[in-house]
Amino acid sequence: MRLLFSTEEIREKVEDLASQIRGDYQGKKPLLVGLLKGSFVFLADLMRALDQPLEVDFVRLSSYGHGTESSGRVRVLHGLKTPVRGRDVLVVEDIVDTGHTLSYFLESLARRRPASLRVCTLLDKPCRRCVPVTIHYRGFTVEDVFVVGYGIDWAEEFRYLPAIYALEKAECASKTSSP
Ligand code: 5GP
Ligand code: MG
């Protein structure tokens, strides 16, 4: 496992994103919508760094299963319960990879007529994009590596790690082949 971003680098980046967002949402009460499960640690830190009135809700979508490749098919496992009509919605994502998940979700949100709809992602892998997605607040850009830690898992493992790491291909393979 290779360290990509330390806890200190993540903390600084979250502060930086929060100050951009705070500036853009002055006098507003945005609805932060986190995509479970990967974004919950990031959203929790971002929300506290924002330190302004806001609401939070979560959705759970799935396109991954237990592999490391997006299937391109998105399923809604837990939909959004908060009404979004007329709200300033900020979608909070851990990683934008192929873009399938986010573009599917943004289309379904847009149909519900929010006042505004923006995206904040901690990590972006532009080299992997299949579907274009507009990202308004971007933390780190990463190359084509599989990342874990800071809430982000591989087959439910490694979420607890406080920093962000790249999982080597051999580590994925050895995990898969272990009993
Ligand atoms: P997309 O639909 O953009 O291909 O993938 C979106 C989701 O796939 C991300 O929100 C994340 O949950 C998962 N994903 C994409 N890349 C990675 C990665 O490098 N590591 C992990 N653990 N999940 C990833
Ligand atoms: Mg995600």
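Look above for the structure.
The present account deals with the structure reproduced in this document. Residue positions are given per chain, counting from 1 as you read along its sequence in written order. Chains carry letters and ligands carry numbers; both start at the beginning, A for chains and 1 for ligands, and go up in the order they are written. Given that this is a predicted model, residues contribute local features only at a pLDDT of at least 70 and side-chain atom pairs are listed and counted only at 80 or more, while totals for whole chains, interfaces and linings are drawn from all residues. Neither water nor hydrogens contribute to the side-chain values; these are computed over all heavy atoms in the structure.

### Structural notes on the site of ligand 1
Reasoning step 1: To be near a molecule or strand, a residue needs just one of its heavy atoms within 4 Å of it. Around ligand 1 sit 16 residues in total, of which Asp94, Thr98, Gly99, Thr101 and Asp153 are the nearest.
Reasoning step 2: At 2.4 Å, a side-chain N or O of Thr101 approaches an oxygen atom of ligand 1.
Reasoning step 3: Counted as a polar contact is a pair of N or O atoms within 3.5 Å, where, for protein atoms, one must be capable of donating a hydrogen and the other of accepting one, and residues adjacent in sequence contribute only when both atoms are in side chains. Here an oxygen atom of ligand 1 sits 2.8 Å away from a polar atom, N or O, in the side chain of Lys125.
Reasoning step 4: When ligand 1 is considered free in solution it has 500 Å² of accessible area, and contact with the protein chains removes 91% of it.
Reasoning step 5: When residues of the shell around ligand 1 are traced back to their parent elements, those giving at least two are β5 (88-96), α3 (100-110) and β8 (146-148).
Reasoning step 6: By residue number, the principal contributor to the shell around ligand 1 is β5, which donates three residues.
Reasoning step 7: Tallied by class, residues from the shell around ligand 1 come to six nonpolar, five polar and five charged. Here the accessible surface of atoms and residues is derived via Shrake-Rupley with a 1.4 Å probe, and residues count as covered only by protein chains that are part of the display. Numbering of helices and strands runs from the N terminus, with a helix taken as a DSSP run of H or I at least four residues long and a strand as a DSSP run of E at least two residues long. For this classification, Asp, Glu, Lys and Arg are treated as charged, while Ala, Val, Leu, Ile, Met, Phe, Trp, Tyr, Cys and Pro are nonpolar and the rest, including Gly, are polar.

### Thoughts on the sheet that holds strand β6 (residues 116-124)
Pairing between the strands of a sheet comes from backbone hydrogen bonds, and it takes one of two forms, parallel or antiparallel.
Reasoning step 1: If DSSP finds at least two bridges between two strands, the strands pair. Strand order in the open sheet made by the six strands is β4-β3-β2-β5-β6-β7, with mixed pairing throughout. Each having just a single partner strand, β4 (75-78) and β7 (137-141) make up the two edges of the open sheet. Here the average twist between neighbouring strands, direction ignored, is 25°.
Reasoning step 2: Bridging between β5 and β6 involves eight bridges; their strand directions are parallel. The partner of Ile95 across the bridge, within β6, is Leu123.
Reasoning step 3: Only heavy atoms matter for contacts: two residues are in contact if any of them lie within 4.5 Å across the pair. As a rule, the C-alpha atoms of each element are fitted with a line to give its axis, helices using only the stretch in contact, and angles between N-to-C directions run from 0 to 180 degrees. Where helix α2 (residues 40-50) meets the sheet, its contacts fall on β2 (31-36), β3 (55-62), β5 and β6, and the angle it forms with β2 comes to roughly 160°.

### Looking at the coordination of the magnesium ion (ligand 2)
Reasoning step 1: Donor selection uses N, O and S atoms within 2.8 Å of the metal (3.2 Å for Na, K and Ca). Since no water is included, sites may look incomplete. Surrounding the magnesium ion (ligand 2) are the protein donor atoms Glu93 (OE) and Asp94 (OD), at 2.2 to 2.5 Å. This pair shows no difference in class: Glu93 is buried, exactly as Asp94 is. A 1.4 Å probe rolled over the protein chains alone gives each residue an accessible area, and that area as a share of the maximum for its type sets the label: buried under 20%, exposed over 50%, partly exposed in between.

### Here's the deal with the state of the cysteines
Reasoning step 1: Counting rule for disulfides: a pair of cysteine sulfur atoms within 2.5 Å. Using the criterion set out here, one finds zero disulfides in the structure.
Reasoning step 2: Cysteine Cys120 is unpaired, with the sulfur of Cys127 as its nearest cysteine sulfur at 20 Å.
Reasoning step 3: Taking the relative accessible area as the measure of exposure, Cys120 reaches 0% and is therefore buried.
Reasoning step 4: Counting only cysteine sulfurs, Cys130 is the nearest neighbor of Cys127, a cysteine outside any disulfide, at a range of 10 Å.

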